[in-house]
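Results of the structural survey
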Amino acid sequence: MKKKKIKNINQASFYFEDYLETNKKNKYLKKKDNFQDRIYLLFFLFASLILIFSIKIVHLSLNKKPSFNQDVMSSKYFLTRRDIVDRNGILISRNINSSHVAVVPKLIKNKKNFLIKLRLHFPELKINKIKKKIDSGKYFYLKKRIDQSEKERFWALGEKAIKFENFQARMYTHGNLFNHDIVGQVDYDNYGISGIEKYFDKELKDKKFIKNPLKLTLDTNIQYLISEELNAAITTFKATGGGALLIDVNNGDILSLVSLPNFNINKRLTIKDKKYTNKITKGVYELGSIFKTFTIALALENNLVKSETIIKDIPRSLRCSIHKISDMKEHPRDLSVEEILIRSSNVGSVILAKKIGENRFKEFLENTQLTKSPDLEIEEVGVPHKIRWDKCKLETVSYGHGITTTPLQAASIYAAISNGGKLVKPSLVKNRKNLDHKYLISAETSTTVNNILRKVVSNKEGTAHLADEEGYYVGGKTGTAESYGNKKDRINTFISVFPTNKPKYSLLIMLENPQINKDLIYNYRGVKVKAPYNTSGWNSVYVAGKIIKKIGPILAINNNEFTNQYVTEKFN
Amino acid sequence: MFKSKIIISTTIFLILLITTSIIKNKTRIIEKNIFSLNKKIVLKEKDINESQLDFYFVASPSEIEKKIKILGQNSYSPIKNSKIFLKLSNFKNFYKKISAIDTQDEKKKN
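For clarity, every value in this text was computed on a predicted model and none was experimentally measured.

For chain A, the helix and strand inventory stands at 18 helices and 16 strands. Counting only residues that meet the buried cut, chain A has 42% of its 572 residues in that class. In chain A, 70% of the contacts between residues at least 6 apart in sequence involve partners at least 24 apart.

Pasting the structure below:
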């Protein structure tokens, strides 16, 4: 039937009946289309809804951030400050949830009862002060930074007036191992107030990197060994303080930085005593004979002398203006350049400095930046005194007097001199981008100076033979000086470089006001000897030797740098 | 004809409505689960953080040394540099040399 009708529609002739039938058919088709469209629309609407819900589920499951109100939850669950770790990933500091306990005086029902409860359960609290604060009627803190057990004890009082304020406390896992002005401290509002915590405050609070810890160059294990040994030395020599610095001579990474005395950085204390000042970065000293190495390096670099050049007729003393410059010990009158350093001759250094001249010395000091504040990732750095080039300045500077600098800078220049002449910027943070190196001296001069520094330790006449630890090829220079501005304070320093055949580390040891320990018996090349004297920084040398003996194997194992060359040579 | 269309469209509408409400309900349940799981994850992370903190404190060199002292064991002593062998071949060569020296000594004695 349908086929016939279609035939009729398509016919060429036109009749009214045909028109009616066509119209009917069109209406039918239109109705059918409308119905279909509605069904489609319905399907489309529901499909859209289903799609929206599906998208929502997918979005919720894929979204890494929890969608509950982060601002409310953040103080409770999310860390607001990045971790700080050492070079091996050992945790140094991390935020933890803690509370402050406060009192709302208006909510106290029975003041007398409240105070009795506090006195009974917390006898350490000063009740009179609390009473006054309650009387004032203002909200106040009863105790800040309480732990969970204390919180429970306060909770157990059952007082509505006691409120707990959540906050994040910074914990330092190693207590007093790292100084307050190196790693630093954080206040109750999560702001860094000293050290790395202050310098990198913004980066440490950056939410983008909150799960990535800030990696330092410090090594916890080495720091501990050095700290322990230095503490023991302070007791042995009745010193008032001490400092130590271990630096990688090739890249300036600070592996250890110790300044004693120190305190537990988990406790917030107001420190006014100067003895807690960081002696390595902030302490400014006349480092004495340490500077003779610079004088020798400069003389060699300018081809004025060679290490074996003999300086003849060195006088016992020199007079410069009203000052008398002499040596602590009597040396032979003819000394080679290297012997001047080995025997630590002041007069010999002055003669060499005169050959070098004031301009070259000035240029050297300018290049080393020794008389300017050190550039380090902390704000607690010292400001060396301005140097005035008046009469006799060149002479005194040549053996390290009349010039001040921080031990950190002195050690970094030793690093530069021993690593082939490349100036390095000491740093506490890993992965820095400061590779624009300048050269202080040539590689040839560096090798020569390293050999002389080795002789200072290995030679019988050397001032540092107590640090001659088997297998480590230790080289270095001692220094004894008075503290700048306080002639009563004496500083004994030893800066060592090891192994001198391929320098890798520079270790600085400093003791403040060490005394002679007559009972001390030390082992010198297999012979037990009583403590001899208290000059030329020998006690710092003794400490350095003990430290190198302890940290040497760790550095060797960790860095694959040392070989059993000593053993091989011994049996060859 | 008209009735059948209404019935069909109402049925489809009802089916879709029920399906949508079921899906909506399921979504809500899943959403709740995701919330609670996220919360659990965060709490677990917090626990891990605190446990790590405890671990690093307990495993710090000073704490380990204290424990050694309590246990009455000998204090740490550094290994001699000459005893450090970074390669097995170094170790073998070293002992070969020692045994060679020993045999030479014995021969001399005999």
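Additional details are given in the paragraphs that follow.
Turning next to the pairing of strand 14 (residues 505–512) of chain A. All names here are of chain A. Of all 8 residues in strand 14, 8 are buried, a share of seventy percent or more. Taking every second residue as pointing to the same face, both faces of strand 14 are buried, with Tyr-505, Leu-507, Ile-509 and Leu-511 on one and Ser-506, Leu-508, Met-510 and Glu-512 on the other. Bridge count between strand 6 (residues 241–248) and strand 14: 8 bridges; the pairing is antiparallel. Directly across from Asp-248, in strand 14, lies its bridge partner Tyr-505.

Within the secondary structure, Asp-105 of chain B is located in helix 3 (residues 88–109). Taking the C-alpha atoms as reference points, Asp-105 of chain B and Ser-60 of chain B, separated by 45 residues in sequence, lie 48 Å from one another.

This part takes up the nonpolar core. All names here are of chain A. One finds Leu-245 and Ile-296 to be the most contacted residues of the largest nonpolar core, which totals 116 residues. Of the residues forming this core, the biggest block, 10 residues, is contributed by helix 17 (residues 538–559). Excluding anything up to four places from it in sequence, Ile-296 contacts Val-337, Ile-340, Leu-341, Leu-352, Val-449 and Ile-452.

Taken across its 11 residues, helix 12 (residues 346–356) of chain A has 9 buried, putting it largely inside the fold. After helix 12 of chain A finishes, the residue Gly-357 of chain A shows a positive phi value of roughly 90°.

Moving on to the packing of helix 4 (residues 111–121) of chain A against helix 5 (residues 127–136) of chain A. Residue and element names in this part refer to chain A. Two elements in contact, helix 4 and helix 5, have axes separated by 11 Å at closest approach and are oriented at 150°. With respect to their mutual orientation, helix 4 and helix 5 come out roughly antiparallel. Remark: the crossing between helix 4 and helix 5 carries right-handed chirality. Where helix 4 approaches helix 5, its residues Lys-111, Leu-115, Leu-118 and Arg-119 are matched on the opposing element by Ile-127, Ile-130, Lys-131 and Ile-134. Looking at the contact of helix 4 with helix 5 residue by residue, the class counts come to 5 nonpolar, no polar and 3 charged.

Moving on, we come to the interface of chain A and chain B. Listed per partner, the contact involves 42 residues of chain A and 38 residues of chain B. At the level of secondary structure, the elements contributing two or more residues to the side of chain A that touches chain B comprise helix 2 (16–62), strand 2 (91–103), helix 9 (220–236), helix 17 and helix 18 (565–571) of chain A. In terms of residues, the side of chain A that touches chain B owes the most to one element, helix 2 of chain A, which gives 12 residues. When the residues that make up the side of chain A that touches chain B are grouped by side-chain class, the tally is 26 nonpolar, 10 polar and 6 charged.

The bulk of non-glycine residues show a negative phi, and the bulk of peptide bonds are trans. All names here are of chain A. Pro-261 follows Leu-260 through a cis peptide bond whose omega is 5°. Relative to the helices and strands, Pro-261 resides in the loop between strand 7 (254–260) and helix 10 (292–301). Residue Phe-498 is joined to Pro-499 through a cis peptide bond whose omega torsion reads -15°. Here Pro-499 shows up in the loop between strand 13 (486–498) and strand 14. The residue Arg-145 is not glycine, and still its phi comes out positive at about 50°. Take Arg-145: there are 17 C-beta atoms within 10 Å of it, and that puts it in the partly exposed class. Here Ser-344, not a glycine, exhibits a phi torsion of approximately 55°, which is positive.

The next point concerns helix 15 (residues 407–418) of chain A. Residue and element names in this part refer to chain A. For helix 15, built from 12 residues, the straight-helix expectation of 16 Å at 1.5 Å per residue is met to within 8% by its first-to-last C-alpha distance of 16 Å. Along helix 15, 12 of the 12 residues are buried, which leaves the element largely enclosed by surrounding structure. Among the residues of helix 15, those classed as buried are Pro-407, Leu-408, Gln-409, Ala-410, Ala-411, Ser-412, Ile-413, Tyr-414, Ala-415, Ala-416, Ile-417 and Ser-418. Backbone geometry just after helix 15 places Gly-420 at a positive phi near 110°.

When two helices pack together, their arrangement is given by the angle between the helix axes and by the axis-to-axis distance. All names here are of chain A. At a closest axis distance of 10 Å, the pairing of helix 10 and helix 16 (residues 443–458) adopts a crossing angle of 140°. When the axis of helix 10 is compared with that of helix 16, the two are oblique. Like other packed secondary-structure pairs, helix 10 and helix 16 cross with a definite hand, here right-handed. Where helix 10 approaches helix 16, its residues Thr-293, Ile-296, Ala-297, Leu-300 and Glu-301 are matched on the opposing element by Thr-445, Thr-448, Val-449, Ile-452 and Leu-453.

All names here are of chain A. By the criterion of burial, strand 7 is predominantly enclosed, with 7 of the 7 residues buried. Relative to strand 7, strand 6 runs antiparallel, the two sharing 6 bridges. Paired with Gly-243 across the two strands is Ser-259, which belongs to strand 7. In this structure, the hairpin formed by strand 6 and strand 7 is closed by a connection of 5 residues, where Gly-252 is found at a positive phi of approximately 80°.

So, on to the confidence of the model for chain A. All names here are of chain A. Scored by pLDDT, chain A has a mean of 82; 86% of the residues are at 70 or more. Predicted confidence for residues 67–72 stays below pLDDT 50, and this span has 4 contacts to residues more than four positions away or in other chains. Contacts from residues 559–572, a stretch scored under 50 in pLDDT, to residues over four places away or in other chains number 22 contacts.

About the criteria used
Residues numbered from 1 in each chain as written. Chains lettered and ligands numbered in written order. Predicted model: local features only at pLDDT ≥ 70, side-chain atom pairs only at ≥ 80, totals over all residues. Helix = DSSP H or I, 4+ residues; strand = E, 2+ residues; numbered from the N terminus. Buried ≥ 20, exposed ≤ 12 C-beta atoms within 10 Å, placed from the backbone. Contact = placed C-beta atoms within 7 Å. Pairing = 2+ DSSP bridges. Core = buried A, V, L, I, M, F, W, Y, C linked by C-beta atoms within 7 Å. Axes fitted to C-alpha atoms, helices over the stretch in contact; angles between N-to-C directions. Parallel < 35°, antiparallel > 145°, perpendicular 65-115°, else oblique. Left-handed = near helix turned anticlockwise from the far one by under 90°. Nonpolar A, V, L, I, M, F, W, Y, C, P; charged D, E, K, R; others polar. Expected span 1.5 Å × (residues − 1). pLDDT = per-residue confidence, 0-100.

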